[in-house]
Amino acid sequence: MRRRRPPPPPPPLPQRDGVDPVRVRLPAGGPGTTVRDHLVLRLAADPARIDAMFAAGEIVGADARPVPADTPYAPGLCVWFHRDMPDEAPVPFPLTVVHHDEHIVVVDKPHFLATTPRGSHVRQTALARLRHDLGLPELTAAHRLDRLTAGLVLFIVRPEERGAYQTLFRDRLVHKEYEAVAAHDPSLAVTLPRTVRSRIVKERGVLTAREVDGEPNALTHVQLLAHRADGLGRYRLVPGTGQTHQLRVHMSALGVPILGDPLYPEVAGPVPAGDFRRPLQLLARELRFTDPVTGAEHRFTSGRVLGAWTSYEDWASGQ
């Protein structure tokens, strides 16, 4: 039986704008002979910036005291510091709390807002906003929703209950429904509803996932809810698995890629920061599960609408 790793020690630095400090644990074998040299090499950082952080006392140990730059390298030693925040265009859409109790927070996330800090999206994330606005520094996400996808996301209030809620998603005990707007193909419509099965792989460093031969690891139930004379369809998507970009890959493979998708079927060019026009027309519409802590039956529904369906002209023009 594998032993559980002990949880990391609590950070000695407070959060900034809802963002935790970075923790670096020095592994056996280097690189570097001092803490300063290791951080420069490991983080591929500007040496002058690292030196400035040491000089300002911004790199600290478990006791919150500044670590001298010439501290000898010692495997297992941990240091903490706050990363330099990237320039982020504010996401100008509200993050709506639909449920908040002592155990969980459920929000209705807008398009373009990342769920958790990652890469160039740090403060402009649902987690950072909620920690700051609700005064819940220990809040964590039970699952993630793509930055470009809107809809329901579950967060956990108490760290000791994190495992119980995350297990729901791991064991597929959460019923999730999505809504999408895409082209209406009459030849496809006669085959719906249907369950799409394929094998999807996502390689590190590659923007898109792809379907390959082999045992299916991705299942999506696809249903056409309505269609219009202008050639658009509104679809209900129920994932049976949780592969990266699964819904987007399956809709593209069916020949009806989701409107506004910058990756499928072809990767579009980058857009300027702060360009929030023509959002991906994919919405996490419903979450349903039995609360593993309280036993309550939860059913949450997003109050958002997909703009291409309510007013295609406004969506297409970026209004």
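Everything numeric here is computed off the predicted structure, so don't read it as measured data.

## Concerning the packing of aromatic side chains
Overall, the coordinates contain five aromatic pairs when judged by the stated rule. Taking 5.8 Å as the distance between ring centres and 75 degrees as the angle between the ring planes, the aromatic pair formed by F93 and F276 counts as edge-to-face. Within this pair, whereas F93 is found in the loop between β2 (78-81) and β3 (96-100), its partner F276 is found in the loop between α6 (246-253) and β12 (282-290), the two being separated by 183 residues in sequence. Site record: aromatic cluster; members linked through ring pairs are F93, F112 and F276. Taking NZ or CZ as reference, R228 lies 4.4 Å from the ring centre of W309, over its face.

## Some details on the pattern of salt bridges
For the structure on display, the rule yields 21 salt bridges. One salt bridge in this structure joins R131 and D20, with 3.2 Å as the shortest N-O distance. Of the two residues, R131 is situated in helix α3 (residues 126-134) and D20 in the segment before β1 (22-25); the sequence distance between them amounts to 111 residues. On the basis of relative accessible area, R131 is assigned to the buried category, the value being 9%. Relative accessible area serves as the criterion here: at 33%, D20 is assigned to the partly exposed category. Measuring nitrogen to oxygen at the nearest pair gives 2.7 Å for the salt bridge that ties R228 to D230. The network of salt bridges with shared partners includes D17, E88 and R123.

## Overview of unusual backbone geometry
L192 connects to P193 through a cis peptide bond whose omega is 0 degrees. Looking at the secondary structure, you find P193 in the loop between α5 (186-189) and β8 (194-201). Residue Y264 is joined to P265 through a cis peptide bond whose omega torsion reads 5 degrees. By secondary structure assignment, the location of P265 is in the loop between α6 and β12. For D17, which is not a glycine, the phi torsion comes out positive at approximately 55 degrees. Assignment of secondary structure puts D17 in the segment before β1. Residue classification places D17 among the partly exposed positions, given a relative accessible area of 45%.

Conventions used here
Residues numbered from 1 in each chain as written. Predicted model: local features only at pLDDT ≥ 70, side-chain atom pairs only at ≥ 80, totals over all residues. Heavy atoms only, no water. Phe/Tyr/Trp six-rings, centres within 6.5 Å; stacked < 30°, edge-to-face > 60°. Helix = DSSP H or I, 4+ residues; strand = E, 2+ residues; numbered from the N terminus. Lys NZ or Arg CZ within 6 Å of the ring centre and 35° of its normal. Salt bridge = Lys/Arg side-chain N within 4 Å of Asp/Glu carboxyl O. Buried < 20%, exposed > 50% of the residue type's maximum accessible area, 1.4 Å probe, protein only.

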